[in-house]
2 protein chains.
Amino acid sequence: MTRVANQAEPTRVVILGGGFGGLHAAQSLRNAPVQVTLIDRANYHLFQPLLYQVATGSLSPANIAAPLRSVLRRQKNVTVLQAEVTDFDLDAKRVLLREGDSLPYDVLIVAAGATHSYFGHNEWEGLAPGLKTIEDATQIRADVLSAFERAERTDDPVARARLLTFVVVGGGPTGVELAGALSELSRHALKNDFRRIESESARIVLIDAGDRVLSGFAEELSAKAAGFLDRLDVSVRTGWLVTEITPTEVTIRHGEQTETLATETVLWAAGVLASPLANRLADATGLTVDRAGRLAVTPTLHLPGHEDIFVIGDMASCAGEAGRPLPGVAPVAIQQGQYAAKTIRRRLAAAAAGSIAKPFRYRDYGSMATVGRSAAVASIGGYHFAGYVAWLIWLFVHLMQLVSFQNRLLVLFQWAWNYVTHGRSARLITGNRHAETPAE
Amino acid sequence: MTRVANQAEPTRVVILGGGFGGLHAAQSLRNAPVQVTLIDRANYHLFQPLLYQVATGSLSPANIAAPLRSVLRRQKNVTVLQAEVTDFDLDAKRVLLREGDSLPYDVLIVAAGATHSYFGHNEWEGLAPGLKTIEDATQIRADVLSAFERAERTDDPVARARLLTFVVVGGGPTGVELAGALSELSRHALKNDFRRIESESARIVLIDAGDRVLSGFAEELSAKAAGFLDRLDVSVRTGWLVTEITPTEVTIRHGEQTETLATETVLWAAGVLASPLANRLADATGLTVDRAGRLAVTPTLHLPGHEDIFVIGDMASCAGEAGRPLPGVAPVAIQQGQYAAKTIRRRLAAAAAGSIAKPFRYRDYGSMATVGRSAAVASIGGYHFAGYVAWLIWLFVHLMQLVSFQNRLLVLFQWAWNYVTHGRSARLITGNRHAETPAE
């Protein structure tokens, strides 16, 4: 992995992360006179927007993942490396790998994404899993399905009610999608599966500290989404803050009021924290991270004073049109990846000319979230859609964004099948966490 | 879970295991005047014959698994219980569960299957995983793909050769299928994925102590299979016995000759050992298990002296036509499950008449194994097929045996896609075992 610096060699671009930002940066460097190394801990690009469908048994993990090597197979200037970056040596211009070795770069694109934030309550992590990785999704799937299995076994009505209560914390798109899917799972897919319990009696509670769900959308669409959730019997508790999570209950607070929900399944969709690599970069540069762990970047997406280090996607705090930081969504990361690649090309072409790059400008084509079958909200080019049309748009856009054509067909087939049958066939309890859980 | 014995209640049939034998026993009791409880540790029926395709990245786990509750949803006399049976109380006629409680039965059908046998070398288990569960398959998939990743990273040619050597122990259908699939994975699916290694240079070694692969088949078909393996560059070492496995090598012996193969990936497809529940039953009845851990059953498939305990499938040693025990294959288990159900029905109907049941007779429709694309062997009704026709038969038979119609379509689609593209898209490294493996 060591390489002697050599003027004749092409510029070495090292990209950290094979998510939306990193992958699109690599692809946008196709045919550029650079040597790209894309580093990711996983061997696949994951289409995170559909991860909740894995967690609720609609899709299999491989349906929403594409092996990075396959995706980039034909792009000869890219090398993929499955490894974990732990730190940076900015003086030597190297990234340090967990395995002990290091890798030199001329330009760095840092796109390592984000993880969950428990707002200082890291002890909740084991009690309220978040949804960022395939392992998270299969674990949540096992937890949810096991709760139904354990409810079926117990004779204690209190334990049964507790096992059939599912609490989702966070009313953003992921929380709304999870809550809606849990409702459909219990009311349709699992209906008649059990003999002692009625799965459709499961209680789904969605908690958000703000005053409405989908606060990133127009108020009109938030209201529509709340209506869809209500139709699915999801109990929406906006304005409530989670103050405590234990293995058997969640405590929430609204002003002076406190309430305790008995539950063994809490899913976390509330907070996002940039990859710890942002802290490593902050330490190395003397910059600071914001409350969400992000690094503020210049209008041209690099770290102030470090033109060779681009930070993009969920790790970057980048001012948008109105001065507000851009949201942590896929289109922002994709456009930033493309921008970083373009900037590198421009610099190489105009090395002598000294042209000045135009600042990054996010083109917001819209945003959307789905609540359940035939129920979604979308805001596209200033127009608002809710219901069936929004849902069709959502399906189409998400299908088209999947990286491999085979996966598009597999997902389309399973969606069509599930739509007709109300089924969810990927309902596997795998892993061993609950294998020896004593019954109540 | 406790129930007071009551003459008016229907006969309680408890089935242990939701594999081929247990599931077909339950289904054959449809509309019988019995109350069936099917107990399995997993919440799904697994189609084990295609598990090697999950381990080698062709299919997703959910494609070959069907939730037991869904399969039996409409059969109102069946209750499914996800639990682990640990022992028996034959006097009280109860099965004991790991969770501490117990369940009464009038008739017991024990169909808990088999696990791997390391022939007294249990220390090999961690070094040479076998292929029985979904967790096994995803672990093997991660191990195999990680070996390629690590080979790509290392600069040491010795380590690289070791990482690119894959040893399969056992030349039965599973071993042959695994070896063939590993060859196709390295020679086609992964081709051009790497920059420093050539995946097609991977060495696949298939070891069997006997004098030919597929020894359960006619010699002519074994020879054909060996020819197919040779075409796929699989190095077949029949007549060699494994004497030692370490994390970096396998030692094999042939008469006085010893040889050491440097490898970090050994897959175990050699020995099968009945579920430990056979030992529990042996202890409880004073019977003994055979070398493969199986219980000998009467011609009517129950334990000698215990007409209320049927043992079927891989746990039973049941004499076939020529006096040899029947092989541990799906059709045997299925027919035994159906036979046990029929016998229970007959007994209930003829409780007073005292009719004598005909002994179980296995109808052998044939057997088949696949080596790779367009290459399989089949023996059907005395006719032998090898090559393309056998492969088409194999595809058709396996597709039709999948339990859910949706899975048939999903598998068919993926097979067709993989056939055309030579691809294997379910190539995910999941789980954490190799996450922190130091590089060589």
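Identification of chain A as NADH:ubiquinone reductase (non-electrogenic) from Botrimarina colliarenosi is taken from an unreviewed UniProt entry. Taken from UniProt, the Sequence similarities (unreviewed entry) comment for chain A reads in full: "Belongs to the NADH dehydrogenase family."

Caption draft 1: Structural detail: helix α10 (residues 388-401) of chain A. All names here are of chain A. The terminal C-alpha atoms of α10 lie 20 Å apart, and with 14 residues this matches the ideal 20 Å at 1.5 Å per residue to within 8%. Considered for burial, the residues of α10 that qualify are A390, W391, W394, L395, H398 and L399. Viewed end-on, α10 has its buried residues packed into an arc of 160°, placing them on one side of the element. As for α10, its buried residues are in contact with α2 (51-55), α6 (173-189), β23 (366-372), β24 (375-380), β25 (383-387) and α11 (405-421).

Caption draft 2: Seen up close, the UniProt feature "transmembrane region" (unreviewed entry) in chain A. UniProt feature "transmembrane region" (unreviewed entry): in the numbering of this structure it lies at residues 385-405 of chain A. In residues 385-405 of chain A, the share of helix is 71% and the share of strand is 14%. The end C-alpha atoms are 28 Å apart.

Caption draft 3: Broad picture of the interface of chain B and chain A. Contacts between the two partners involve 58 residues from chain B and, on the opposite side, 58 residues from chain A. Across the chain B to chain A interface the summed buried area is about 5,100 Å²; carbon plus sulfur atoms make up 49%. Joining chain B to chain A, the criterion identifies eight salt bridges. We note a salt bridge from R153 of chain A to D101 of chain B, for which the minimum N-O separation is 2.9 Å. Remark: the boundary between chain B and chain A carries 32 residue pairs in polar contact (both at pLDDT 80 or more). No other element matches the eight residues that helix α11 (residues 405-421) of chain B contributes to the side of chain B that touches chain A. When grouped by side-chain class, the residues that make up the side of chain B that touches chain A number 27 nonpolar, 14 polar and 17 charged.

Caption draft 4: Expanded view of the sheet that holds strand β11 (residues 165-169) of chain B. Residue and element names in this part refer to chain B. Strand order in the open sheet made by the four strands is β13-β12-β11-β17, with parallel pairing throughout. Every other strand in the sheet has two partners, leaving β13 (234-238) and β17 (265-268) as the edge strands with one partner each. Pairwise comparison of adjacent strand axes, ignoring direction, gives a mean angle of 20° for this sheet. In terms of strand pairing, strand β12 (residues 203-208) meets β13 through five bridges, oriented parallel. Residue pairing in the sheet places I204 in a bridge with V234 of β13. Against the sheet, helix α4 (residues 134-153) touches β11 and β17, its axis set at about 155° to β17. Each of β11, β12, β13 and β17 is contacted by helix α6 (residues 173-189), which is oriented at about 175° to β12, the strand it contacts most.

Caption draft 5: Broad picture of the domain arrangement of chain A. Assigned domains within chain A: domain 1 (11-41 + 83-113 + 275-349) and domain 2 (117-270). Distance between the C-alpha centres of domain 1 of chain A and domain 2 of chain A: 34 Å.

Caption draft 6: Layout of a nonpolar patch on the surface. Residues and elements named next belong to chain A. Among the surface-exposed residues, Y388, L392, Y419 and V420 lie close enough to one another that they form a single nonpolar patch of about 400 Å² accessible area. Contributing elements (two or more residues each) for the nonpolar patch: α10 and α11. Along the chain, V420 turns up in helix α11.

Caption draft 7: Region of interest: the environment of V14 of chain A. All names here are of chain A. Inspection of the secondary structure assignment puts V14 in strand β1 (residues 11-16). Here V14 falls in the buried class, since its relative accessible area comes to 1%. Linking V14 and L108, residues 94 residues apart in sequence, is a C-alpha distance of 5.0 Å. Excluding anything up to four places from it in sequence, V14 contacts T37, I39, V95, L103, P104, Y105, V107, L108 and I109.

Caption draft 8: Region of the structure containing the sheet that holds strand β5 (residues 78-82) of chain A. Residues and elements named next belong to chain A. Overall, mixed pairing links the six strands, which are arranged β5-β2-β1-β9-β21-β20 in an open sheet. Looking along the sheet, the strands with just one partner apiece sit at the ends: β5 and β20 (302-303). Both β1 and strand β9 (residues 107-110) contribute to a ladder of four bridges, which runs parallel. Considered in β9, the bridge of V14 is made with L108. Docked against the sheet, helix α9 (residues 330-349) engages β1, β2 (34-40), β9, β20 and β21 (306-311), running at close to 155° with respect to β21.

Caption draft 9: Geometry of the UniProt feature "domain: FAD/NAD(P)-binding" (unreviewed entry) in chain A. Here, the residues flagged by UniProt with the feature "domain: FAD/NAD(P)-binding" (unreviewed entry) are residues 12-337 of chain A. The span residues 12-337 of chain A carries 28% helix and 29% strand; its end-to-end C-alpha distance comes to 16 Å.

Caption draft 10: Here's a closer look at the relation of the copies chain B and chain A. Taken as rigid bodies, chain B and chain A are interconverted by a rotation of 180° and an axial shift of 0.0 Å, the fit giving an RMSD of 0.0 Å. Taken together, the rotation angle and the small translation identify this as a two-fold axis. Taking the C-alpha atom as reference, chain B places S60 of chain B closest to the rotation axis, 3.3 Å from it. The share of interface residues of chain B whose copies in chain A are also at the interface is 100%, consistent with both copies meeting through the same surface.

Caption draft 11: Representation of the packing of helix α1 (residues 20-28) of chain A against α9 of chain A within the structure. All names here are of chain A. At a closest axis distance of 7 Å, the pairing of α1 and α9 adopts a crossing angle of 35°. Where α1 crosses over α9, the handedness of that crossing is right-handed. The residues of α9 that touch α1, namely those facing F20, G21, H24, A25 and S28, are A330, A333, I334, G337, Q338, A341 and R345. Here the residues of the contact of α1 with α9 are counted per class, giving six nonpolar, five polar and one charged.

Caption draft 12: View of the pairing of strand β16 (residues 257-262) of chain B. Residue and element names in this part refer to chain B. Alignment of strand β15 (residues 249-254) against β16, held across six bridges, turns out to be antiparallel. The residue of β16 that forms the bridge with V250 is L261. Linking two consecutive strands that pair antiparallel, namely β15 and β16, is a turn of two residues; a positive phi of about 60° is found at G255 within it.

Caption draft 13: Structural context of the packing of aromatic side chains. All names here are of chain A. As enumerated under the stated definition, the model contains 24 aromatic pairs over all chains in all. For the ring pair W391 and Y419, a centre distance of 5.4 Å and an interplane angle of 35° mean the geometry is tilted. One end of the pair, W391, is in helix α10; the other, Y419, is in helix α11, with 28 residues separating them in the sequence. We classify Y419 as partly exposed; its relative accessible area is 32%. Put simply, the rings of Y118, F119, W124 and W268 touch in pairs and so form one group of aromatic residues. The ring of W240 is capped by R237, whose NZ or CZ atom sits 4.7 Å from the centre of that ring.

Calculation notes
- Residues numbered from 1 in each chain as written.
- Chains lettered and ligands numbered in written order.
- Predicted model: local features only at pLDDT ≥ 70, side-chain atom pairs only at ≥ 80, totals over all residues.
- Heavy atoms only, no water.
- UniProt positions renumbered as here; feature names shortened; annotations may be inferred.
- Helix = DSSP H or I, 4+ residues; strand = E, 2+ residues; numbered from the N terminus.
- Expected span 1.5 Å × (residues − 1).
- Buried < 20%, exposed > 50% of the residue type's maximum accessible area, 1.4 Å probe, protein only.
- Arc of directions from axis to C-beta.
- Contact = heavy atoms within 4.5 Å.
- Buried area = accessible area lost by both parts, 1.4 Å probe.
- Salt bridge = Lys/Arg side-chain N within 4 Å of Asp/Glu carboxyl O.
- Polar contact = N/O pair within 3.5 Å; in protein donor to acceptor, adjacent residues only side chain to side chain.
- Nonpolar A, V, L, I, M, F, W, Y, C, P; charged D, E, K, R; others polar.
- Pairing = 2+ DSSP bridges.
- Axes fitted to C-alpha atoms, helices over the stretch in contact; angles between N-to-C directions.
- Domains from an automatic or database assignment.
- Patch = residues over 30% accessible without salt bridge, like charges linked within 9 Å, V, L, I, M, F, W, Y side chains within 5 Å.
- Areas by Shrake-Rupley, 256 points an atom, 1.4 Å probe, with all protein chains shown as cover.
- Least-squares fit on C-alpha atoms with pLDDT ≥ 70 in both.
- Left-handed = near helix turned anticlockwise from the far one by under 90°.
- Phe/Tyr/Trp six-rings, centres within 6.5 Å; stacked < 30°, edge-to-face > 60°.
- Lys NZ or Arg CZ within 6 Å of the ring centre and 35° of its normal.

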